[in-house]
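Tertiary structure, described
Listed below, chain by chain, are the residues.
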Amino acid sequence: MVQEKLPCSRRDEQARAQRCAYNAFQLKACRARILLSCMQKKLGACAGMDPALPACKVQKANTADNAETTMSSTTTDTASSVDVVLIGGGVMSATLGTLLRQLQPDWSISIFERLDSVAEESSNAWNNAGTGHSALCELNYTPQQADGSVDITKAINVNEQFQVSRQFWTYLVEQNILASARDFLTPVPHMSFVWGDKNVSFLQARYKALSEHPLFSGMEFTQDQAQIAQWAPLIMRNRPAGQNLAVTRSLRGTDVNFGALTRLLFTYLVSTPACTLHTKHDVHDIRRDADGRWVIKVQDTRLHTEREVKARFVFIGGGGGALPLLQKTGIPEARGVGGFPVSGQFLRCTNPDLIAQHHAKIYGKASVGAPPMSVPHLDTRMIDGAPALLFGPYAGFSTRFLKNGSLMDLPRSIRASNISAMLAVARDNWPLTKYLIEQVMQTHNDRIKALRDFIPDAQAKDWELVVAGQRVQIIKKDAKKGGVLQFGTEVISSADGSVAALLGASPGASTAAPIMLTVLKKCFASKLPEWEGKLKQIIPSYGQKLADNPALCTQLFDKTTSVLGLKEV
């Protein structure tokens with residue numbers, strides 16, 4: 001496990017003190033600093049600064065009181081050794097960094113992002129559906145059994161995880177780390193919509209099983225088409241008569257702008273001491289040094305310079321880019337792990353009148369062979385303060401592991417240790433392969449035809465195709481099948497807890513807080529007794545199951561609803 005403390009060396013402390021003194025001098029010589037800044041801009045030296053974060057926060061980060069905190073790699077030509085390195089400027093790194101800052105404020109943290117801004121890959125609002133995944137409407141979390149019953153085990157687990165995220169965000173608002181949750185969180189009804197006798201029977205059984213559970217309190221079911229038209233006018237307008245339809249609705253649903261949340265969390269982090277964020281910095285190698293620390297080789301892609309940073313703990317949260325870096329660590333736990341990339345596309349509505357008529361996230365049933373992330377849904381979104389309407393996703397295929405990645409990502413990830421598992425998955429997943437081929441071959445009219453299952457009178461002129469993010473599903477060895485394709489998320493860490501990587505996709509960002517609690521448990525087990533009190537402040541249900549405590553479930557739901565401003569839906 002990671003040691004009880006992660007102190008920097010005395011030499012690093014002396015270097016930090018020198019930098020503090022230097023920055024204090026810069027503060028007193030304000031005119032000179034402004035002139036130097038102008039010169040740096042002309043030379044392109046400030047390219048590492050993140051334009052997505054407010055300028056006032058960057059300025060605060062460069063004051064003498066926060067000499068270790070900066071957004072620019074050029075102004076922190078700094079420490080070759082830190083306590084924690086976070087790879088990737090997405091919501092996972094932002095969440096883990098924020099947790100660690102609450103639990104161990106004296107640890108130094110460096111964050112490296114390969115793009116010129118944070119939250120530009122999977123966390124970007126246009127690269128995901130923005131659903132606060134809590135199994136209120138997602139039918140793939142409630143599989144129907146052979147006897148007709150519905151298994152709600154996974155739905156309960158997913159909902160529990162989202163309640164942890166709500167508690168985490170509530171704490172951040174109460175501590176004024178986030179000014180208002182409504183900057184990234186919007187109440188939006190979550191609905192399930194099906195047609196056909198078999199599917200209606202399934203939805204009714206699902207509703208009966210879920211509505212009896214406190215986590216799903218208040219869920220409604222109807223087959224009354226006038227009621228459905230009131231809840232969601234677009235899906236009933238000009239719909240052919242005679243269809244057997246059913247809908248469930250929950251007013252507990254949310255839309256989450258994970259890009260906005262990520263930027264807010266990084267804004268906070270760079271305002272704290274001993275935290276640096278470096279954009280346009282690509283981590284392309286990671287190895288263990290003789291002293292047990294990790295050596296991260298980083299390239300400044302603007303200045304074309306390289307440097308090495310040592311860290312006692314490394315989190316690899318770079319979305320699809322996590323797998324290649326995990327493989328480079330050489331830890332035994334990474335052997336046999338492969339990845340299968342799946343890209344996503346959405347139809348985005350360009351007609352303001354249509355957007356204004358819809359206010360819900362409506363999920364249907366997935367096509368045969370479709371991965372869980374491809375369940376069709378019609379989504380109200382709130383992005384940068386403006387409502388949007390999307391339908392999808394439509395799957396695509398690319399060998400890139402990141403939207404801004406390389407076509408060689410998949411070939412380069414193949415190893416002697418994982419090729420047999422990858423071939424077994426290719427052999428056993430023909431329905432998925434067939435589905436992807438069909439999706440790639442679709443025309444715009446084909447996509448509009450699929451949309452008309454939800455909006456019967458949809459017109460092609462009102463919709464445009466946008467490319468969403470890239471997801472990499474996990475492939476792991478299996479004793480019976482040779483290899484299996486997993487559709488969830490998984491934290492893979494070294495035996496000593498000094499390095500961890502997050503792989504996989506859905507439910508992903510919605511459960512960032514509980515996933516990062518898993519990282520803490522795996523990698524900092526010896527620190528948990530010391531941190532327990534603080535963790536219970538941050539996550540009041542920490543160590544408990546809300547499903548087993550209805551009173552606590554109701555109490556915390558009411559509190560988070562109030563603090564997060566989710567009463568009006």
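Below is a short write-up of the structure.

What counts and what doesn't
- Residues numbered from 1 in each chain as written.
- Predicted model: local features only at pLDDT ≥ 70, side-chain atom pairs only at ≥ 80, totals over all residues.
- Heavy atoms only, no water.
- Axes fitted to C-alpha atoms, helices over the stretch in contact; angles between N-to-C directions.
- Helix = DSSP H or I, 4+ residues; strand = E, 2+ residues; numbered from the N terminus.
- Parallel < 35°, antiparallel > 145°, perpendicular 65-115°, else oblique.
- Left-handed = near helix turned anticlockwise from the far one by under 90°.
- Contact = heavy atoms within 4.5 Å.
- Salt bridge = Lys/Arg side-chain N within 4 Å of Asp/Glu carboxyl O.
- Buried < 20%, exposed > 50% of the residue type's maximum accessible area, 1.4 Å probe, protein only.
- Core = buried A, V, L, I, M, F, W, Y, C linked by side-chain atoms within 4.5 Å.
- Pairing = 2+ DSSP bridges.
- Phe/Tyr/Trp six-rings, centres within 6.5 Å; stacked < 30°, edge-to-face > 60°.
- Lys NZ or Arg CZ within 6 Å of the ring centre and 35° of its normal.
- Arc of directions from axis to C-beta.
- 1 Å grid on protein atoms, 1.4 Å probe; cavity = no way out; pocket = protein on both sides within 12 Å on 5 of 7 lines; lining within 4 Å.
- Points joined across faces, edges and corners; volume = space filled by probe spheres on them.
- Nonpolar A, V, L, I, M, F, W, Y, C, P; charged D, E, K, R; others polar.

Observations regarding the packing of helix H5 (residues 153–174) against helix H18 (residues 550–563)
At their nearest, the axes of H5 and H18 sit 9 Å apart, and the two run at 50° to each other. Considering their axes alone, H5 and H18 lie oblique with respect to each other. Once H5 is placed against H18, the crossing between them reads as left-handed. Along its contact with H5, which presents Gln163, Arg166, Gln167, Thr170, Val173 and Glu174, the element H18 presents Leu556, Phe557, Lys559, Thr560, Thr561 and Val563.

Notes on the pattern of salt bridges
Per the stated rule, a full pass over the model turns up 19 salt bridges. For lysine 361, the salt bridge is made with aspartate 255, and the minimal N-O distance between the two is 2.9 Å. In this pair, lysine 361 sits in strand S13 (residues 361–363) while aspartate 255 sits in strand S7 (residues 254–256), placing the two residues 106 residues apart along the sequence. Each member of the pair, lysine 361 as well as aspartate 255, is classed as buried. One network of salt bridges, in which partners are shared, links Asp255, Lys361, Asp379 and Arg381.

Focus: the nonpolar core
Phe315 and Leu520 are the most contacted members of the largest nonpolar core, which totals 59 residues. Broken down by element, this core gets its largest block of residues, eight residues, from helix H16 (residues 512–523). Grouped together as the second largest cluster of nonpolar side chains are 39 residues, Leu410, Leu432, Leu436 and Val472 included.

Structural notes on the pairing of strand S9 (residues 281–288)
As paired strands, S9 and strand S10 (residues 294–300) are joined by seven bridges and run antiparallel to one another. Bridged to arginine 287 within S10 is valine 295. Between S9 and S10, which pair antiparallel and follow one another directly, the connecting turn spans five residues, one of which, glycine 292, has a positive phi of 95°.

Quick look at the packing of aromatic side chains
Applying the stated rule across the entire model yields 13 aromatic pairs. When the ring of tryptophan 107 is compared with that of phenylalanine 524, the centres are 5.6 Å apart and the planes differ by 35°; the resulting orientation is tilted. Separated by 417 residues along the polypeptide, tryptophan 107 in the loop between helix H4 (91–103) and strand S2 (109–112) and phenylalanine 524 in the loop between H16 and helix H17 (528–538) bring together distant segments of the chain. Taking the relative accessible area as the measure of exposure, tryptophan 107 reaches 2% and is therefore buried. Assessed through its relative accessible area of 0%, phenylalanine 524 is described here as buried. Between the aromatic rings of tyrosine 207 and phenylalanine 221, the centroid separation amounts to 5.6 Å while the plane-to-plane angle is 25°, which identifies the pairing as stacked. Of the two residues, tyrosine 207 sits in helix H6 (residues 197–211) while phenylalanine 221 sits in strand S5 (residues 220–222), which places them 14 residues apart along the sequence. Here the aromatic cluster, defined as three or more aromatic residues joined through ring pairs, consists of Phe193, Trp195, Phe391, Tyr394 and Phe454. When the ring centre of phenylalanine 557 is taken as reference, the NZ or CZ atom of arginine 252 above it lies at 3.7 Å.

Structural notes on H17
For H17, the full list of buried residues reads Leu528, Trp531, Leu535 and Ile538. Projected onto a plane normal to the axis of H17, the buried residues spread over an arc of 65° and lie on a single side. Seen from the buried face of H17, the exposed residues on the opposite side, beyond 90 degrees, are Pro529 and Glu530. Lining the buried residues of H17 we find H4, H5 and H16.

Re empty space enclosed by the protein
Here the structure, examined in full by the defined rule, presents four cavities of 30 Å³ or more. A volume near 60 Å³ is recorded for the second largest cavity. Lining of the second largest cavity is provided by Gln167, Thr170, Tyr171, Glu174, Gln537, Ile538, Pro540, Leu556, Lys559 and Thr560. The set of elements that each furnish at least two residues to the lining of the second largest cavity consists of H5, H17 and H18. Looking at side-chain class alone, the lining of the second largest cavity contains four nonpolar, four polar and two charged residues.

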